[in-house]
Each structure stands twice: as structure tokens, then as C-alpha cells.
Amino acid sequence: MSEHTPHAQAHGQRATKAVIPAAGLATRFLPATKAVPKELLPVVDRPVLQYIVEEASRSGINDVLLITGRGKTSMVDHFDRQPYLEARLEAKGDLERLAAVRGTSELAEIYTCRQGEPLGLGHAVSYAESHVGDAPFAVLLGDEFTEESQPLLPQMIELQSRTGGIVLAFIEIPQDQVNRYGIASVSDAGPEYADVDNVVRVTGLVEKPAVDEAPSNLAVVGRYVLPGTIFDAIRRTKPGSGGEIQLTDAMALLLAEGTPVHGIVYRGHRYDTGMPLGYLQAVVQLASERDDLGPAFTEWLKSFVAGLDRNAGKAA
């Protein structure tokens, strides 16, 4: 065992802080993201980032650190009070919108740290060390969130408090997409975790493997619960895929040194807004599910799609 072998956190210690890396350039959404952070793009009437902070809040986390970059201060502003706007809404008697505006400032305590240059997810997470210390913490990527009726993060936090190690979120993906993700090799978690749904023990991690070399089709997605020892591992991690400091590589280092790593395979719906298609799908799905918008919107959508089909038939 290496002289650097870290000691896992004592079992029973729960993550109470969340880190949201959000310093990326969002080039897929240019020119929209030249001035507006991708994390603030609206999904109906709430920005992506608000869905994520709400997810953390529902999981019992009320301390959130945003890892930001140049030109992204508006992310913090979204969670600040707006006395003038609140006064106008109150004067108009628009109490529903007033509650929505005030509610954003009451979700969590929001802190920020500036990442000078985006050099990989591991590099971004390393900026949280002074805020987090040696306690376990959650990492939530800034462009995806889970459906409210099927939460994932509370189960991950609970499992990490039992293992003291790393807990990851997985989804099953088509084999031809494995070269876009960190991929895990896994085994049965054992009888001691029989009470946890869809849990596996992780035996290996590889970042963006070739399609014919991937150990499974279980992809690491944007939720992690990590021990504080991850920071030392990141310091010892050399640049990997894309010349960046990869969090997957740092976690693989801890795994090799004896830190337990488990994963939960998520069976609910994951909204991935990191690319335009996924973003549009999230907007349509969530709008369709709204009581106030859904009926009229879905009727319009059916008519619109039928019109496309008719036009395609004429063209043929």
C-alpha cells in the first residue's frame, strides 16, 4: 500500500456541503453563452442552475459552493435578494411570483470561488478544498439534474456516510457511447448493502475508453459524494484525457489505494442540458408536465408535429 494511502472518513459523517463546478465556456451554445452562463439558460421559467440547487436543498444540503469563471457573476445574482423587484410584485399583489423570486434566495447559502482557467473537472473540484476541508461533500455538475419525484442524491449521501469512501451515480448507456464518459467495472456490493436499491461495488474506473475496451456500459454521470481525501489525490493526478486533470483519474487513484468506491445505478429520468438537443428535450418534457402549461402546450405540440408529418409526406 502506498505511503500516500488516505484514510477514509469515519463512517457516519454525512456530507452537508455541495460543490457545483460551473466555469466552463459552453461553446456548444454559442453565441447565446457569450454573455449568459449556460447554467442560467431557462428550462421553462427556472434556470438550469436553480433546478440543481433545489435538488441539493431537498437532500438536506444548504451550503453550496459555485466554482465560477470569468463573466459568470450573474449566477450568484440569481440567488440574491432583489428588493426593488420584490416591492413591485408586492405592490401589484402578485404574491405567487413574489414567493418564487424570494424563494431563490432562501434555498441555500451560496458561496463562490473563481477558477482562473477550466482545466478539467478534477482541477475545478480542487478549488473547493479550503471551503470543504476534510469532510465528505457532494459534487453536482452544472448542466444536469434528476426528476424531483425520483431523487438520487439523498440515497448517495446516506450510502457514503456508511462506507466512508466514494459514491458515484451511474446510468446505463448504449455501448457505442462509452467513449464519451468515465466508465466503471463493477461487482456485487455484498449482503451488507442489500437494503440499498441498485448499488454496486466499483472495482475500476477508466475515462473515455475505446468502444471495444470498455469494461461495462455503466457511465459515471454528474453526481458524486466524495471524501475530503480526494483533494490530495487530485494533487497527485497528472493530466489525462484532453490534457486535463480528470476527477475520474483521481478517484481511480484512491480506489487503487484502498478507498471503497460504490455506485448507484439511477433508473429515474436524468435531464442532460449540456448539449442543445438534451436542453430542448428537457424544456419540452418539463413544460408538458406542468399543470398550468401542459394541456395547452401538448395540444399545440401534437398539432405542430402533425403538420411536420403532413409536409414531409407532400415533399415525398
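Analysis parameters
Residues numbered from 1 in each chain as written. Predicted model: local features only at pLDDT ≥ 70, side-chain atom pairs only at ≥ 80, totals over all residues. Heavy atoms only, no water. Helix = DSSP H or I, 4+ residues; strand = E, 2+ residues; numbered from the N terminus. Rg over C-alpha atoms; globule rule 2.2 N^0.38 Å. Buried < 20%, exposed > 50% of the residue type's maximum accessible area, 1.4 Å probe, protein only. Contact = heavy atoms within 4.5 Å. Areas by Shrake-Rupley, 256 points an atom, 1.4 Å probe, with all protein chains shown as cover. Lys, Arg positive; Asp, Glu negative; His and termini not counted. Charge placed at Lys NZ, Arg CZ, Asp CG, Glu CD. Phe/Tyr/Trp six-rings, centres within 6.5 Å; stacked < 30°, edge-to-face > 60°. Polar contact = N/O pair within 3.5 Å; in protein donor to acceptor, adjacent residues only side chain to side chain. Patch = residues over 30% accessible without salt bridge, like charges linked within 9 Å, V, L, I, M, F, W, Y side chains within 5 Å. Salt bridge = Lys/Arg side-chain N within 4 Å of Asp/Glu carboxyl O. Core = buried A, V, L, I, M, F, W, Y, C linked by side-chain atoms within 4.5 Å. Expected span 1.5 Å × (residues − 1). Arc of directions from axis to C-beta.

Student: Can you tell me about the overall build of the protein chain, naming the residues and giving the values?
Tutor: If you tally the helices and strands in the protein chain, you get eleven helices and 13 strands. Taken against the 2.2 N^0.38 rule, which gives 20 Å for 316 residues, the C-alpha radius of gyration of the protein chain at 21 Å falls within 12% of a compact globule. By principal-axis analysis of the C-alpha atoms, the protein chain measures approximately 65 × 55 × 40 Å. Classification of the 316 residues of the protein chain by burial places 47% in the buried group. Of the contacts made within the protein chain by residues no fewer than 6 positions apart, 79% connect residues no fewer than 24 positions apart. Of the roughly 15,700 Å² of accessible surface on the protein chain, 52% is carried by carbon and sulfur atoms. Within the protein chain, the 41 negative side-chain charges are centred at a point lying 6 Å from the centre of the 29 positive side-chain charges.

Student: Outline the packing of aromatic side chains, supporting the account with residue identities and numerical values.
Tutor: The final tally for this structure, using the stated rule, is six aromatic pairs. Between the aromatic rings of Phe29 and Tyr279, the centroid separation amounts to 5.9 Å while the plane-to-plane angle is 85°, which identifies the pairing as edge-to-face. Here the residue Phe29 occupies a position in the loop between β1 (18-21) and β2 (42-43), and Tyr279 occupies one in helix α10 (residues 276-289), the gap between them amounting to 250 residues. You'll find Phe29 and Tyr279 in the same group, each marked buried. Relative to Trp300, the ring of Phe297 has its centre 6.0 Å away and its plane inclined at 20°; by these criteria the two rings are stacked. Residue Phe297 and its partner Trp300 are both found in helix α11 (residues 294-315); the two are separated by three residues, about one turn of the helix. The class for Phe297 is partly exposed, based on a relative accessible area of 24%.

Student: An account of the environment of Pro42 is requested, with residue identities and associated values reported.
Tutor: Here Pro42 shows up in strand β2. Taking the relative accessible area as the measure of exposure, Pro42 reaches 42% and is therefore partly exposed. Between the C-alpha atom of Pro42 and that of Val199, which follows or precedes it by 157 residues, the distance is 33 Å. Here Pro42 is in contact with Pro47, Tyr279 and Val283, once residues within four sequence places are set aside.

Student: Now, about the side chain of Thr237: what can you tell me, with residues and values included?
Tutor: Within the element layout of this structure, Thr237 appears in the loop between α8 (230-235) and α9 (247-256). Separated by 2.7 Å, the side chain of Thr237 and the backbone oxygen of Ala233 make a polar contact.

Student: An account of a nonpolar patch on the surface is requested, with residue identities and associated values reported.
Tutor: Residues Trp300, Phe304, Val305 and Leu308 make up a contiguous nonpolar surface patch of about 390 Å² in total accessible area. Turning to its location among the elements, Leu308 is positioned in helix α11.

Student: Could you give an account of the side chain of Glu55, naming the residues involved and the relevant values?
Tutor: Tracing the backbone shows Glu55 in helix α1 (residues 48-58). Here Glu55 falls in the buried class, since its relative accessible area comes to 4%. Apart from the residues lying within four places of it in its own chain, the contact partners of Glu55 are Leu140, Phe145, Thr146, Leu153 and Arg223.

Student: Describe the nonpolar core, naming the residues involved and giving the relevant values.
Tutor: Within soluble globular proteins, side chains that are nonpolar tend to cluster in buried spots. Core analysis: the biggest nonpolar cluster contains 50 residues, and Ile20 and Leu140 have the highest contact counts within it. Broken down by secondary-structure element, the contributors of at least two residues to this core are β1, α1, β4 (63-68), β6 (137-140), α7 (153-163), β8 (166-172), β11 (218-226) and α10. Take this core: its biggest share by element is six residues, from α1. Within the second largest apolar cluster, 34 residues are counted, among which are Ala124, Ala184, Val220 and Leu255.

Student: Mind laying out the environment of Arg14, listing which residues take part and the relevant values?
Tutor: Along the chain, the position of Arg14 falls in the segment before β1. Here the alpha-carbon distance between Arg14 and Ser216, two residues 202 residues apart in the chain, equals 30 Å. The residues contacting Arg14, other than those within four sequence positions of it, are Pro136, Ile157, Glu158 and Ser161.

Student: Go over the pattern of salt bridges, please, and point to the residues and values.
Tutor: In total, this model carries 21 salt bridges according to the counting rule given. Arg14 is the salt-bridge partner of Glu158, the closest N and O atoms lying 2.5 Å from each other. Taken together, the residues span a long stretch of sequence, with Glu158 in helix α7 and Arg14 in the segment before β1 at a distance of 144 residues. According to the relative accessible area criterion, Arg14 is partly exposed, its value standing at 38%.

Student: Which residues make up α10, and what are the values?
Tutor: The terminal C-alpha atoms of α10, which comprises 14 residues, lie 20 Å apart, in line with the 20 Å expected from a rise of 1.5 Å per residue. Where α10 is concerned, the buried positions are Gly278, Tyr279, Ala282, Leu286 and Ala287. On an axial view of α10, the arc spanned by its buried residues comes to 160°, and they lie on one face. Facing away from the buried side of α10 by over 90 degrees, the exposed positions are Leu277 and Leu280.

Student: Break down unusual backbone geometry for me, with residues and values.
Tutor: The omega angle of the peptide bond from Leu30 to Pro31 is 5°, so this bond is cis rather than trans. Notably, Ala26 is not glycine yet its phi reads approximately 55°, a positive angle. With respect to the helices and strands, the residue Ala26 is situated in the loop between β1 and β2. Given a relative accessible area of 16%, Ala26 falls into the buried group. For Asn198, which is not glycine, the phi dihedral falls at a positive 60°. Within the secondary structure, Asn198 sits in the loop between β9 (182-188) and β10 (199-207).

Any functional reading would require information beyond the geometric quantities listed.
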